[in-house]
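A look at the structure
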Amino acid sequence: MKAGVRKINGISGSTLKIIALISMLIDHIAASLIMIQLGIHYSEPLYQTFVVMRHFIGRLAFPIYCFLLVEGFQKTGNRSKYAGRLFLFALISEVPFDLAFNRCAVYPEHQNVFFTLLAGVLVIWGMEEMERRISVLWLRWSGYVVIVAAGAFLAEAFAFDYGAKGILPIVVLYLFRQNKVGQIAAGFVAFLWEYTASAAFVLVALYNGKRGMKLKYVFYAFYPVHLLILYLLSLVLFK
């Protein structure tokens, strides 16, 4: 390698996580402050800003989180603790989520994304158990169908963020976990229902498989904290 030329080694999991955090923050600013507080009309110039923030930049976050969820699931040494953390922060985040987007402490018609990620983990955990216990292929795939259907039903019945559409990409990414190219292609297709979200897999393609900085609890804490801050900002800015 020539002097002065830096070798490009891709991006780590922590870099992907930071990109997802920034994308999510921009998305939530658009949803919590611009849309809810200011109101949006298609003829207003502000609407174009909202579209860029929420439907282009903001849509990168969830696919990245789904990918990192599958990565984390494969690498964790304790499935129960992994699912338990998701459940704990789902509970912690629910009031800030409801305050930021619905202006009330309890809004049962829409639950935060940690519940979606938790349901996704439970589904792929069940699929993993099927792989371990059932060698007959058609029986195993029949079990997959039942487990995925149960997870999708749960997401819809309890109004988890993204609903069943949030569970299916996690399943697809898990099924293709041993083939990086196939996983990226399958993930791209799985998010075509929100075509701008599929662009996130350009970033996923750059992932080098390394953990990077230890940001596990930063990711968990950032979600409820930034939602609470957005709610408090709305009270200050829009009295």
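Residues numbered from 1 in each chain as written. Predicted model: local features only at pLDDT ≥ 70, side-chain atom pairs only at ≥ 80, totals over all residues. Heavy atoms only, no water.

**Quick word on the overall build of the protein**
Secondary structure summary: the protein contains 10 helices and 0 strands in total. Along the protein, helices (α) and strands (β) appear in the sequence α-α-α-α-α-α-α-α-α-α when read from the amino end. Taking 2.2 N^0.38 as the reference for a compact globule, 239 residues should give roughly 18 Å; the C-alpha atoms of the protein span a radius of gyration of 19 Å, in line with that estimate. Buried residues in the protein amount to 48% of all 239 residues. When contacts within the protein are restricted to residue pairs at least 6 apart in sequence, those whose partners lie at least 24 apart make up 73%. Within the structure as shown, the protein displays about 12,600 Å² of accessible surface, and the carbon and sulfur contribution to it stands at 68%. A gap of 15 Å separates the mean positions of the 22 positive and 12 negative side-chain charges of the protein. (Helix = DSSP H or I, 4+ residues; strand = E, 2+ residues; numbered from the N terminus. Rg over C-alpha atoms; globule rule 2.2 N^0.38 Å. Buried < 20%, exposed > 50% of the residue type's maximum accessible area, 1.4 Å probe, protein only. Contact = heavy atoms within 4.5 Å. Areas by Shrake-Rupley, 256 points an atom, 1.4 Å probe, with all protein chains shown as cover. Lys, Arg positive; Asp, Glu negative; His and termini not counted. Charge placed at Lys NZ, Arg CZ, Asp CG, Glu CD.)

**A word on the packing of helix H6 (residues 137–157) against helix H7 (residues 164–175)**
The interhelical angle for the contact between H6 and H7, taken along N-to-C directions, is 150°, at an axis separation of 8 Å. Taken together, the axes of H6 and H7 are roughly antiparallel relative to one another. Every pair of crossing elements has a handedness; the one defined by H6 and H7 is right-handed. Taking contact as the criterion, the partners of Trp141, Tyr144, Val148, Gly151, Ala152, Ala155 and Glu156 in H6 are, on H7, Ala164, Ile167, Leu168, Val171 and Leu175. In the contact of H6 with H7, the residues fall into 10 nonpolar, 1 polar and 1 charged. (Axes fitted to C-alpha atoms, helices over the stretch in contact; angles between N-to-C directions. Parallel < 35°, antiparallel > 145°, perpendicular 65-115°, else oblique. Left-handed = near helix turned anticlockwise from the far one by under 90°. Nonpolar A, V, L, I, M, F, W, Y, C, P; charged D, E, K, R; others polar.)

**Considerations on the pattern of salt bridges**
On inspection of all chains with the given rule, the structure shows 9 salt bridges. For the salt bridge of Arg59 with Glu194, the shortest nitrogen-to-oxygen distance reads 3.5 Å. In this pair, Arg59 sits in the loop between helix H2 (45–57) and helix H3 (61–75) while Glu194 sits in the loop between helix H8 (180–190) and helix H9 (200–204), placing the two residues 135 residues apart along the sequence. With respect to class, Arg59 is no different from Glu194; both count as buried. Between Glu131 and Arg177 there is a salt bridge, with the nearest N and O atoms lying 3.0 Å from each other. With Glu131 in helix H5 (residues 113–133) and Arg177 in the loop between H7 and H8, this pair connects stretches of sequence that are 46 residues apart. Residues joined in a network through salt bridges with shared partners are Arg79, Glu128, Glu129, Arg132 and Arg133. (Salt bridge = Lys/Arg side-chain N within 4 Å of Asp/Glu carboxyl O.)

**A closer look at the layout of surface pockets**
Space inside the largest pocket adds up to approximately 570 Å³. Along the wall of the largest pocket there are 23 residues; nearest its centre are Lys17, Leu68, Gly72, Tyr82 and Arg211. At the level of secondary structure, the elements contributing two or more residues to the lining of the largest pocket comprise helix H1 (13–38), H3, helix H4 (79–102) and helix H10 (216–237). By residue number, the principal contributor to the lining of the largest pocket is H3, which donates 6 residues. By residue class, the composition of the lining of the largest pocket is 11 nonpolar, 4 polar and 8 charged. (1 Å grid on protein atoms, 1.4 Å probe; cavity = no way out; pocket = protein on both sides within 12 Å on 5 of 7 lines; lining within 4 Å. Points joined across faces, edges and corners; volume = space filled by probe spheres on them.)

**Brief notes about the confidence of the model for the protein**
When the pLDDT values of the protein are averaged, the result is 92; 95% of them are 70 or greater. Under a pLDDT of 50 for its full length, residues 1–7 has, in the predicted model, 2 contacts with residues more than four places off or in other chains. (pLDDT = per-residue confidence, 0-100.)

**What to know about the packing of aromatic side chains**
Each aromatic ring pair is characterised by the separation of its centres together with the angle its planes make. For the structure shown, the criterion picks out 20 aromatic pairs. Taken together, a centroid distance of 5.7 Å and an interplanar angle of 35° make the contact between Phe191 and Trp193 tilted. With a relative accessible area of 1%, Phe191 lands in the buried category. A cation over an aromatic ring shows up here: Arg177 above the ring of Tyr174, its NZ or CZ 3.9 Å from the ring centre. (Phe/Tyr/Trp six-rings, centres within 6.5 Å; stacked < 30°, edge-to-face > 60°. Lys NZ or Arg CZ within 6 Å of the ring centre and 35° of its normal.)

**Quick look at the side chain of Glu194**
For Glu194, a relative accessible area of 19% translates into the label buried. Sequence-distant contacts of Glu194, defined by excluding residues within four places in its chain, comprise His55 and Arg59.

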